[in-house]
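If you want the building blocks of each chain, they are given just below.
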Amino acid sequence: MLKVIIAIVVLILVLLIGYFIRNYIIISKVSRKNGGIDNYSLSAKYSSIDENQKEDFIIEQYYKEGKIFQILKNLNGDQILVSLYNEDNNEYMYVIPDTLSGGFYETETSIKLKPFLEYENNLKKIESAISSKISTEYVDGQKCYVISYSNKFKDIVSAEDGRILKRIDDCYVSEFKDVAFEKVKDSDVIIQNIEKYNLIEGRKIENGMK
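Residues numbered from 1 in each chain as written. Predicted model: local features only at pLDDT ≥ 70, side-chain atom pairs only at ≥ 80, totals over all residues. Heavy atoms only, no water.

Caption draft 1: Structural context of the nonpolar core. Ranked by internal contacts, the top residues of the largest apolar core, which has 31 residues, are Tyr46, Leu113, Leu117, Tyr145 and Val157. Broken down by secondary-structure element, the contributors of at least two residues to this core are α1 (2-30), β2 (39-48), β3 (57-64), β5 (79-86), β6 (91-96), β8 (117-119), β10 (142-148) and β13 (172-181). Residue contributions to this core peak at four residues, all from β2. Beyond its immediate sequence surroundings of up to four residues, Tyr46 is in contact with Glu55, Asp56, Phe57, Ile59, Leu113, Tyr172, Val173 and Ser174. Ile71, Leu84, Met93 and Val189 belong to the second-largest nonpolar core, a separate cluster that totals 10 residues. (Core = buried A, V, L, I, M, F, W, Y, C linked by side-chain atoms within 4.5 Å. Buried < 20%, exposed > 50% of the residue type's maximum accessible area, 1.4 Å probe, protein only. Helix = DSSP H or I, 4+ residues; strand = E, 2+ residues; numbered from the N terminus. Contact = heavy atoms within 4.5 Å.)

Structure follows, in structure tokens:
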């Protein structure tokens with residue numbers, strides 16, 4: 001009886017170790033080093049999970065050497081908010097085209113959309129390999145890995161090149177498209193015609209949108 005129990009325990013350990021190794025190999029294959037890409041653009045469509053409170057929108061992002069330029073649009077293509085965040089000095093600037101208003105302030109918080117999963121070091125990869133559930137599925141004929149962090153949070157990434165195709169959280173399903181690398185110019189990461197906006201220092205977005 002004891003031998004049977006030991007055999008079962010050993011089998012479980014072997015399966016767990018195999019599960020961890022598989023997850024670690026997949027995560028290492030599809031991820032990138034944190035901050036390793038400094039020139040790219042993408043578009044992300046956000047669809048609200050709550051059908052009773054539809055707040056669908058699109059974010060176009062251009063990133064170049066520490067500058068994050070984003071355009072928030074509705075599904076009709078109308079610009080709602082245009083923003084620029086400088087990672088070097090933590091300055092955030094935004095304008096609202098409809099009201100010709102805006103503001104700027106310092107903050108360490110930014111929403112930076114990334115085309116790949118990024119980890120600071122191998123320890124973070126190990127933590128993710130242990131805590132995540134990874135399965136395989138095909139999206140539009142393309143092999144993908146579904147990396148689930150909980151019941152509500154998951155990433156769907158391309159098995160071929162590791163690009164994030166879809167991200168699901170407790171509020172939105174976001175689809176990443178039009179990813180391009182090394183094509184963003186300096187002129188793509190500035191707010192055009194900034195002089196026509198009434199910018200107020202310290203005015204936060206939640207106040208500026210009112």
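Caption draft 2: Highlighting the sheet that holds β10. Taken in spatial order, the 12 strands of this open sheet run β9-β10-β11-β12-β13-β2-β3-β4-β5-β6-β7-β14, and their pairing is mixed. Taken across any chain shown, the strands that pair with only one partner, and hence form the sheet edges, are β9 (133-139) and β14 (198-201). Adjacent strand axes in the sheet meet at a mean angle of 20 degrees, parallel and antiparallel pairs treated alike. Bridge count for β5 against β6 is five bridges, and the pairing is antiparallel. (Pairing = 2+ DSSP bridges. Axes fitted to C-alpha atoms, helices over the stretch in contact; angles between N-to-C directions.)

Caption draft 3: How the structure looks around α1. In this model α1 runs 42 Å from its N-terminal to its C-terminal C-alpha over 29 residues, within 8% of the 42 Å that 1.5 Å per residue would give. All of the buried residues in α1 are Asn23, Ile26, Ile27 and Val30. On its buried side, α1 packs onto β1 (31-33), β8, α2 (122-131), β9, β10 and β11 (154-158). (Expected span 1.5 Å × (residues − 1).)

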